[in-house]
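Commentary on secondary and tertiary structure
Here are the chains, one letter per residue:
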Amino acid sequence: MLSVMAEDQWGDPSGIRQYFFFVKENVSVYWKDLAFHLGFKQADIDNIEGRNRDDKSRCMDLLEEWLRVKGEKATMEALMDALTDSELQSTVDGLKRQIHHEDMGLQKEDVFQRSVKEYYEFKLTSFKPLIWNDYFTLTLSDIFTELELLHKGNGSAAMKGIQRKKLTSLDDLFNPVITGRSVAPRCILIEGEAGGGKTTFINKQCLEAVSQRTELGKRHDIIVLIRLREVREGETIEEIVWDQCVPETKEGVDVQYIRRILQKNESRVLFLLDGYDELRPEARAHRQAIPKLLSGKIYLKSTVVITSRPAAGVQQHTQPDCHVHIMGFSPEHVKKYVQRYFCITGNLEQGEGLVAMLNKSQVVPDLIHTPIFLALVCLLWEEDPEMVSQGTVTGLYNNFMTCLFKKYCKREGVDIPTGGLPKGLADLLLQLGKLALKALLRNETLLDLAEVEREDVNWEQLVKLGVVSLEVSASKLHPRKQLNFSHKTMQEFLAGQYTAHALLSQDIKELLQLTSISKVLEHGNLLQFTCGCDSGAAQAVWTDLCNLSSKDFSQLHADDFSKETHIPVKAEVEKLVENYKRFVLLCLDILNERKEAEVLQFFSRALPVIILRSFSNMKESVALKYYLTNIHLSQPPKRMILGMCYVEITDILQTLTFPVQGLPLDLELCHLTFESPFQTTYLVSILKNVPGLRALDLSHTQLTPSSLQPLVQQFIHMSLLEELDLGYNPELGDAGMEVLQVGLSSVPHLAVLRLGTSKRLMAEGLSHHKGRLRVGITAVGMSSLAPNMRNLVGLRELNISGNNVGDNGLKSLTSILHIFTQMQVIILRKTGISAKGMHTLAPKLYKLTRLIKVDISYNYNIGDNGVECLAKILPNLTAIKVLELCYTGISDSGILALVKALPYLVELEILSVCHNSIKESAIVSLVQTLCQCGKSTTTSPHYNTILKQLYFGQNSGVTGAVLERVAQSMSALSSLTSLDMSGDKYSPTHLYDTAAKTVAQTVLRLPALERLELRNVSMDPAGFQAMVQAAEGCPTLKMLIYDENLVPEGADITSRCLSLNRI
């Protein structure tokens, strides 16, 4: 029984607790008689009576106590016997009637579940990917898909990058060790590119769940698979389930019946939603069924798994608990699949040859991650191995069409003509391509047969050819016949062929409706095929791409692509940068389809900055090498940023066989290995043709003094170098600084010198690397390095964090600090300086009026005296945007000195004073001053529209009363995106309901808030619920961080933005 299975998890093995309410309502004043016959002693009866206010409460307490004591012996039979002995026969009869009705209902539920299971097994178990081969049948159990869990860290803002973790299956999402979650996910988002196998994967999950072979299946009794493309505006979830999930012949199962079953078993229902990107726009509105399901407004306790193409908009309705990327077949799976195919055809040697070729090919491996296209590659190889060895995707698809035609001729007993496809068939494919294009622009993958017939297209021949298949829609409410392409990319190929043909007489804007870069990215495959089909079409496409790029990316600057940012980046800029990175990869894919001198000119115009930190496929590497080999034929980019693995980097740079003047290159080689001089010598040798090297990142590369030496010796050939990062190389030490200082005179343009760690690595390293974050510089190393930095008059950023230079090392640095009048960023985090060092440093900083960031955090001995020195000179540093003072040992006097300086810091965007010893009144003064620091408007009160991040948590003065008080004024911080109000780690504070509700109201009044940290703060159930509800009601809030062990017992923790920290 469903109810019994659910109760079993809560110490109720017989499922009897569900009947306690009925017994309590009917027994009432006779509860003592029942207690006696259940075996309770008088003392126990008196105890129950004394701790409850009325007889109904006493009866319920009695039943719960009986269940607790008796356990498995607390059966329905025992309860009925006790009721009978108590002469409560009417209650016994009522129980029997209720059990009978429920048994009938459960039998009906079982019928519903069995029918759905049989329906899925019949529909989904197997399929034939090749219509001409009846022997090659696949079952879903043959389909293997690699998955990747995408996780955004819940640490500091500097650590919010995407982390990736391989998954063996979705079962891993229920493992707290893997996900870091203490509760099972409610919403799982599975993303993949078009044609990436999402539908096949969700079908497999459905089939395995109804058979209870997976964790999803074991946790749920009712499985519903919904094709979102079939959902219409105004339909309810129950109507959708009846429409798509119930066999048409099943009697007695209507919408009302489905509603009762789903609501009764809400926590045991699994919704599998396939293809959010195909959901009609009108069905995506907030009051429609699917958005309400995603947001938890209905069936909150149910589990939802939804598939979608990236950036389709799922997150506008919910923040998924788990975000999974579908990778497709792994190389091992490809090998097994190929072996099976050629085992059936009886030619295993051919299969071995194909596997060997796939390991070397630069194009084909990108296409074989889904079953249908791996089958087509096998088909081509079987026909003629030369047909697979194409340099472009368009050429490969042309061969697919030729092969399909040959198979068709053999089946139909027709002679195979020479000279390619007959004109009649080519015209038919153009007709199909026109319909395919129209469907693509409507975001549809299926062609309505009625529309095809209206266009007088011979669809029967297309079905026989194997390009499309005829199927009936999954919907009973909207039944229709439709043509389905063998794969999404087949639709895009045919649409591309038609587009290339139509561009001979039509304007590209009218034909493709490419109004923005977002539209370009949406139709990337279509554009690749269009360019691959015709040179003239390629030039038309590139012209449009250049125009759209200059329009949509006009706000971006080269510095927006920097990995190390010091001030908050606007959300719109972040989105533009991500779109630009995707656009670069797409342009490389398109270039690979047609490598011509004219195209290179367009490529350079479309991409003023080329940024590549990874390749999504091998074609992009091929295209980039072609571009670099012929870079003299076009205008070099304003900047090229390369950050791939060592093999890719060296492979690409080796294509530069002559010095390329005017190519400003940023080379990011972090996390590689350069522990021997041989490795850096080789690196230098391949950089000889890049005299314009602008930035070199060798952080975290295991550099040693001896391996650094060949690089420094070549600084003379890197005179344009502006940025050098040697951070997180603990073996360098003072000896490494001796090596480095020799070469600094050769790089007079150096503006950024990083010898420390990034904020992200520091935060990770404090707990994981036990102090091995530094380069290993001491006062000795700084005394030899500092004098040789005098020629770096343009230095804008200096980072020596994590190095124990101490006050003496700082003294060496401050002796030359006045030279760096262009200095904007100085990071001295965890360098062992004290108040004495601050007395030396502060007067030097006074003159550096361009400073936008000062970070002296994690220097525990600075104390109030040191911060007071800094506070005195802050009024002269009015450009400061970031001030990091956490873990500096300051208390009230230091903060009050800082408070006096705050009105002068009119550009301050980030302030961190967390993890100190600040008391209540000083915290209140700090926050109230910040709220008044903004530029006044024509009406009062004042609003601070500048401050974006504020961290004052983990101080002893963070009490419930303080939080309530500062919350009342904090709504003036209208631009605040990140806020840490955590209590002290060693003495957590309690937030009473009134205070919690005040803080919750403040959350709703902060229109830009994205992240709120409330660790070491306990709350009562009502206050916690108010806080979570406010977080849910704040449209911008992405993360509310709270300690798992402080969550009130029984509280709802299913909120989309609640992130529980495990102690």
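If you're wondering where the values come from, they're calculated on a predicted model, not measured in any experiment. (Residues numbered from 1 in each chain as written. Predicted model: local features only at pLDDT ≥ 70, side-chain atom pairs only at ≥ 80, totals over all residues. Heavy atoms only, no water.)

Quick word on the overall build of the chain
- Counting secondary structure elements, the chain contains 42 helices and 30 strands.
- A buried classification covers 55% of the 1063 residues belonging to the chain.
- Of all intrachain contacts in the chain linking residues separated by at least 6 positions in sequence, the fraction that spans at least 24 positions is 77%.
- Just so you have it, the chain exposes about 44700 Å², and 50% of that area is on carbon and sulfur atoms. (Helix = DSSP H or I, 4+ residues; strand = E, 2+ residues; numbered from the N terminus. Buried < 20%, exposed > 50% of the residue type's maximum accessible area, 1.4 Å probe, protein only. Contact = heavy atoms within 4.5 Å. Areas by Shrake-Rupley, 256 points an atom, 1.4 Å probe, with all protein chains shown as cover.)

Describing the sheet that holds strand E11 (residues 468–472)
- What the three strands build is an open sheet, ordered E10-E12-E11; its pairing is antiparallel. Every interior strand has two partners, whereas the edge strands, strand E10 (446–448) and E11, have only one. Within the sheet, the average angular offset between the axes of one strand and its neighbour, ignoring direction, is 35 degrees.
- As defined by bridge partners, E11 adjoins strand E12 (residues 481–485) across five bridges and the pair is classed as antiparallel. Considered in E12, the bridge of Val472 is made with Lys481.
- In the packing of helix H18 (residues 423–441) onto the sheet, contacts are made with E10, E11 and E12, and the angle to E10 comes to roughly 110 degrees. (Pairing = 2+ DSSP bridges. Axes fitted to C-alpha atoms, helices over the stretch in contact; angles between N-to-C directions.)

So, the pairing of strand E29 (residues 1039–1043)
- Counting buried residues along E29, five of its five residues qualify, which places the element largely inside the surrounding structure.
- Here strand E27 (residues 1011–1013) pairs with E29 via three bridges, running parallel. Along E29, the bridge assignment pairs Arg1011 with Met1039.
- Examined bridge by bridge, E29 and strand E30 (residues 1058–1061) share four bridges and lie parallel to one another. The residue bridging Tyr1042 from the neighbouring strand is Leu1060, located in E30.

Overview of the confidence of the model for the chain
- With 90% of its residues at a pLDDT of at least 70, the chain reaches an overall mean of 86.
- Predicted confidence for residues 1–10 stays below pLDDT 50, and this span has 20 contacts to residues more than four positions away or in other chains. (pLDDT = per-residue confidence, 0-100.)

As for the packing of helix H38 (residues 892–901) against helix H39 (residues 920–931)
- Axis separation between H38 and H39 bottoms out at 9 Å; the angle between their running directions is 15 degrees. The angle between the axes of H38 and H39 places the two elements in the roughly parallel class. In this structure, H38 crosses over H39, and the sense of that crossing is left-handed. In this structure, H38 contributes Asp892, Ile895, Leu896 and Val899 to the contact, and H39 contributes Ser921, Ala922, Ser925, Leu926 and Thr929.
- Among the residues forming the contact of H38 with H39, the class breakdown is five nonpolar, three polar and one charged. (Parallel < 35°, antiparallel > 145°, perpendicular 65-115°, else oblique. Left-handed = near helix turned anticlockwise from the far one by under 90°. Nonpolar A, V, L, I, M, F, W, Y, C, P; charged D, E, K, R; others polar.)

A word on the pattern of salt bridges
- Under the definition given, this model contains 33 salt bridges.
- The salt bridge partner of Asp559 is Arg639, with a shortest N-O separation of 3.4 Å. Of this pair, Asp559 sits in the loop between helix H25 (535–552) and helix H26 (571–593) while Arg639 sits in strand E14 (residues 639–642); the two residues are 80 residues apart in sequence, bridging distant segments of the chain.
- Of the residues examined, Arg639 reaches a relative accessible area of 12% and is grouped as buried.
- Note that Arg1015 is salt-bridged to Asp1043, the shortest N-O span being 3.4 Å. (Salt bridge = Lys/Arg side-chain N within 4 Å of Asp/Glu carboxyl O.)

Details of helix H11 (residues 237–245)
- With seven of nine residues buried, H11 is to be regarded as a mostly interior element.
- Every buried residue belonging to H11 is among Ile237, Glu238, Ile240, Val241, Asp243, Gln244 and Cys245, and all of these are buried.

Things to note about the nonpolar core
- In this structure, Leu642, Leu667, Leu740 and Phe952 are the most contacted members of the largest nonpolar core, which totals 248 residues.
- For this core, the element with the highest residue contribution is H26, accounting for 12 residues.
- Ignoring sequence-local partners within four residues, the contact set of Leu667 consists of Leu642, Ile649, Leu653, Leu683, Leu687, Leu693, Ala695, Leu696 and Asp697.
- Val116, Ile188, Ile226 and Leu279 belong to the second largest nonpolar core, which has 60 residues in total. (Core = buried A, V, L, I, M, F, W, Y, C linked by side-chain atoms within 4.5 Å.)

Quick notes on the packing of aromatic side chains
- Counted according to the given criterion, the structure contains 15 aromatic pairs.
- Ring plane angle 70 degrees and centroid distance 5.4 Å describe the contact between Tyr397 and Phe400, whose orientation is recorded as edge-to-face. Placement of the pair is Tyr397 and Phe400 together in helix H17 (residues 393–412), with a separation of three residues, close to one helical turn.
- Ring centres of Trp542 and Phe603 lie 6.1 Å apart, and the angle between their planes is 70 degrees; this geometry places the pair in the edge-to-face category. With Trp542 in helix H25 and Phe603 in helix H27 (residues 597–606), this residue pair connects regions lying 61 residues apart in the sequence. As far as burial versus exposure is concerned, Trp542 and Phe603 are alike and both buried.
- The side chain of Lys476 reaches across the aromatic face of Trp242, ending 4.5 Å from its centre. (Phe/Tyr/Trp six-rings, centres within 6.5 Å; stacked < 30°, edge-to-face > 60°. Lys NZ or Arg CZ within 6 Å of the ring centre and 35° of its normal.)

What to know about unusual backbone geometry
- At Gln702, a position not held by glycine, the phi torsion is positive, near 60 degrees.
- On the secondary structure map, Gln702 appears in the loop between strand E16 (693–697) and helix H31 (705–713).
- Of note, the phi angle at Lys830 is positive, near 55 degrees, even though the residue is not glycine.
- If you trace the backbone, Lys830 turns up in the loop between strand E20 (825–827) and helix H36 (835–845).

Quick notes on the pairing of strand E9 (residues 322–328)
- Side chains of E9 alternate between two faces, with Cys322, Val324, Ile326 and Gly328 buried and His323, His325 and Met327 left unburied.
- Pairing between strand E5 (residues 187–191) and E9: four bridges, direction parallel. The residue of E9 that forms the bridge with Leu189 is His323.

Here we look at the environment of Gly733
- Here Gly733 shows up in helix H32 (residues 733–743).
- A sequence separation of 70 residues divides Gly733 from Asn803, and the C-alpha atoms of the two residues are 9.1 Å apart.
- Apart from the residues lying within four places of it in its own chain, the contact partners of Gly733 are Val775, Gly776 and Ile777.

Regarding the state of the cysteines
- Counting across every chain of the model gives zero disulfides.
- Here Cys531 is not disulfide-linked; the sulfur of Cys533 is the nearest cysteine sulfur, at 9.2 Å.
- Taking relative accessible area as the criterion, Cys531 reaches 0% and is therefore assigned buried.
- Cys546 takes part in no disulfide bond, and the closest cysteine sulfur, belonging to Cys587, lies 8.0 Å away. (Disulfide = S-S within 2.5 Å.)

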